[in-house]
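# Coordinates in review
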Amino acid sequence: MSEPTSDADVPRLLVVSQDGSAVPAPAEQAAEERPDRPVTELVEQPAKVMRIGSMVKQLLEEVRSAPLDEASRVRLRQVHATSLKELEDGLAPELIEELERITLPFTDDEVPSDAELRVAQAQLVGWLEGLFHGIQTAMFVQQMEARAAMEAQARRALPGGGSGPLGGGEPEGRPTGQYL
């Protein structure tokens, strides 16, 4: 499989924002920020991150539906801190830095309010969902690139150097099939 010779040869995914302007796709944003490492490699333990993400999302739903006493808020703060630590074990350093920048820190001597816990959990769930969407987008782009490469390879393999239905032309000496 040959490497693209220029940026023009690389298929690109274009995302259009609500105001109609073009913005880079999430996978391309990650690639621009860290060109040496594909976004799909930034999650070192995907199954672990998915399990923790599901647990955090379920916790957020539970916190929304029930009032919490002081003991349950302390416990939820501990679960939140443990979840962050476990997530960091499954992520690449670039994502760990991002996660640390956006998460709300709780101190050991304070008991967070219901609202603070909800915000922290919702923030974490939102970040994880963004991460999962970014990975899905990157995988989709990789699949499309692989498909395009296979189609290009199939066109080159056709007799006549790419002529025929996939090559876009008819072999020499044959009529074009356009009759009036």
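Since this is a predicted model, take the numbers as computed values, not measurements.

Moving on, we come to the pattern of salt bridges. Applying the stated rule across the entire model yields 6 salt bridges. With its nearest N and O atoms 4.0 Å apart, the salt bridge here joins Arg73 to Asp114. One end of the pair, Arg73, is in helix α3 (residues 70-89); the other, Asp114, is in helix α5 (residues 114-157), and 41 residues separate them in sequence. When sorted by exposure, Arg73 lands in the same class as Asp114, which is buried. Between Lys85 and Asp89 there is a salt bridge, with its nearest N and O atoms 3.6 Å apart. Placement of both Lys85 and Asp89 in helix α3 is noted, with a separation of 4 residues, approximately one turn of the helix.

A separate point is the confidence of the model for the protein. Here the protein averages 76 in pLDDT, while 66% of its residues score no lower than 70. Here residues 1-10 is a poorly scored stretch, pLDDT under 50, and it has 4 contacts once near neighbours within four places are set aside; other chains count.

On to the nonpolar core. Of all hydrophobic cores here, the largest spans 20 residues; its most connected members are Val49, Leu91 and Leu131. Of all the secondary structure elements, the ones that give two or more residues to this core are α2 (46-65), α3, α4 (93-102) and α5. For this core, the leading source of residues is α5, giving 7 residues. With residues up to four places along the chain from it excluded, the contact list for Leu131 reads Val43, Val49, Leu91 and Leu95. In terms of nonpolar packing, the next biggest core, distinct from the first, is built from 6 residues, Val63, Leu68, Phe106 and Ala120 among them.

So, on to the side chain of His80. Locating His80 in the fold gives a position in helix α3. On the basis of relative accessibility, which here comes to 3%, the residue His80 falls in the buried class. Excluding residues that lie within four positions of it along the chain, His80 makes contacts with Leu104, Phe106, Ala120, Gln121 and Leu124.

Glancing now at the environment of Pro93. Here Pro93 shows up in helix α4. With relative accessibility at 47%, the residue Pro93 sits in the partly exposed group. Considering only alpha carbons, one finds Pro93 and Leu42, 51 residues apart in sequence, at a separation of 8.0 Å.

By the secondary structure assignment, Lys48 is in helix α2. Look at Lys48 and you get buried, because its relative accessible area is 16%. Ignoring anything within four residues of it in the chain, the contact list for Lys48 reads Glu86 and Asp89.

One can find Leu104 in the loop between α4 and α5. By relative accessible area, Leu104 is classed as partly exposed at 35%. The residues contacting Leu104, other than those within four sequence positions of it, are His80, Val119, Ala120 and Gln123.

This paragraph deals with the packing of α4 against α5. For the pair α4 and α5, interaxial distance at closest approach is 11 Å and the crossing angle is 150°. Taken together, α4 and α5 sit at an angle that is classed as roughly antiparallel. The handedness of the crossing between α4 and α5 is right-handed. Seen from α4, the contacting residues are Leu95, Glu98, Leu99 and Ile102; seen from α5, they are Gln123, Leu124, Trp127 and Leu131. The class makeup of the residues in the contact of α4 with α5 is 6 nonpolar, 1 polar and 1 charged.

Quick look at α2 now. With 20 residues, α2 should reach 28 Å at 1.5 Å per residue; the first-to-last C-alpha distance of 29 Å fits that figure. Residues of α2 that are buried in the fold lie against α3 and α5.

Calculation notes
Residues numbered from 1 in each chain as written. Predicted model: local features only at pLDDT ≥ 70, side-chain atom pairs only at ≥ 80, totals over all residues. Heavy atoms only, no water. Salt bridge = Lys/Arg side-chain N within 4 Å of Asp/Glu carboxyl O. Helix = DSSP H or I, 4+ residues; strand = E, 2+ residues; numbered from the N terminus. Buried < 20%, exposed > 50% of the residue type's maximum accessible area, 1.4 Å probe, protein only. pLDDT = per-residue confidence, 0-100. Contact = heavy atoms within 4.5 Å. Core = buried A, V, L, I, M, F, W, Y, C linked by side-chain atoms within 4.5 Å. Axes fitted to C-alpha atoms, helices over the stretch in contact; angles between N-to-C directions. Parallel < 35°, antiparallel > 145°, perpendicular 65-115°, else oblique. Left-handed = near helix turned anticlockwise from the far one by under 90°. Nonpolar A, V, L, I, M, F, W, Y, C, P; charged D, E, K, R; others polar. Expected span 1.5 Å × (residues − 1).

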